[in-house]
Amino acid sequence: MSTPPLPGAKAGPIAVTASPSGNPHPPQRIPRWLERVELFLRVMLRMYIGLAVCYAPWSPRFWDQNPIFQHLPALAIYAESGAVRGMVSGLGLLNLWIAFRDAVHYRDQ
């Protein structure tokens, strides 16, 4: 059941007209130098984090004397495991691989 049109209203589809000047703000492109700076900073940050995460489990000062592990002995039992240290180092290596891949596979568009 359709409703009748209001008095004075036109029947039929409503037409939308475009502005006479077209699109007043065309999409802007990010400058190439800014894309490269962002890539450089992203790769450097990922490499730094990856190296830190790879090194941290094997550093006695950071890992063995960590206040979190000293206050939570149940967590310290797991942290002392070589498998846990290896998994954390693996996450660091994964981060390094992602940084290397981003640097190598970058292409200007």
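As the structure is a computational prediction, the values presented were derived from the model and not from experiment.

J.: What is the right way to read the overall build of the protein from this model?
T.: Check the secondary structure of the protein and you find 5 helices and 0 strands. Along the protein, from the amino end to the carboxyl end, the secondary structure elements read α-α-α-α-α. Here the protein holds 109 residues, and 17% of them are scored as buried. Pairs at least 24 apart in sequence give 71% of the contacts found in the protein among residues at least 6 apart. A total accessible area of about 9500 Å² is found for the protein, and carbon and sulfur atoms account for 68% of it.

J.: Mind showing me how you'd approach the environment of Ile49 here?
T.: Tracing the chain through its elements places Ile49 in helix 1 (residues 32-55). By relative accessible area, which is 36% here, Ile49 ends up partly exposed. Considered as a pair, Ile49 and Leu96 are 47 residues apart in the sequence and their alpha carbons are 8.1 Å apart.

J.: Sorry if this is basic, but what is going on with helix 5 (residues 82-104) here?
T.: Helical geometry: 3.6 residues make up each α-helical turn, so side chains three or four residues apart lie on a common side. With 23 residues, helix 5 extends 32 Å between its outermost C-alpha atoms, agreeing within 8% with the 33 Å of an ideal straight helix rising 1.5 Å per residue. Looking only at helix 5, the buried set comprises Arg85, Ser89, Gly92, Asn95, Ala99 and Asp102. Capping of helix 5 at its N-terminal end is provided by Ser81; its side-chain oxygen lies 3.2 Å from the backbone amide nitrogen of Ala83.

J.: How do you make sense of the confidence of the model for the protein when you look at a structure like this?
T.: Detailed reading of predicted coordinates is not advised where the pLDDT is low. When pLDDT is averaged across the protein, the result is 84; 77% of the residues are at 70 or more. By mean pLDDT, helix 2 (residues 60-64) is the weakest element of the protein at 88, and helix 5 is the strongest at 95.

J.: Quick question: what am I supposed to make of helix 1 here?
T.: With 24 residues, helix 1 extends 35 Å from end C-alpha to end C-alpha; this agrees with the ideal 34 Å at 1.5 Å per step. The set of residues buried in helix 1 consists of Leu39, Val43, Gly50 and Cys54. Looking at the packing, one finds that the buried side of helix 1 touches helix 5.

The rules behind the values
- Residues numbered from 1 in each chain as written.
- Predicted model: local features only at pLDDT ≥ 70, side-chain atom pairs only at ≥ 80, totals over all residues.
- Heavy atoms only, no water.
- Helix = DSSP H or I, 4+ residues; strand = E, 2+ residues; numbered from the N terminus.
- Buried < 20%, exposed > 50% of the residue type's maximum accessible area, 1.4 Å probe, protein only.
- Contact = heavy atoms within 4.5 Å.
- Areas by Shrake-Rupley, 256 points an atom, 1.4 Å probe, with all protein chains shown as cover.
- Expected span 1.5 Å × (residues − 1).
- Polar contact = N/O pair within 3.5 Å; in protein donor to acceptor, adjacent residues only side chain to side chain.
- pLDDT = per-residue confidence, 0-100.

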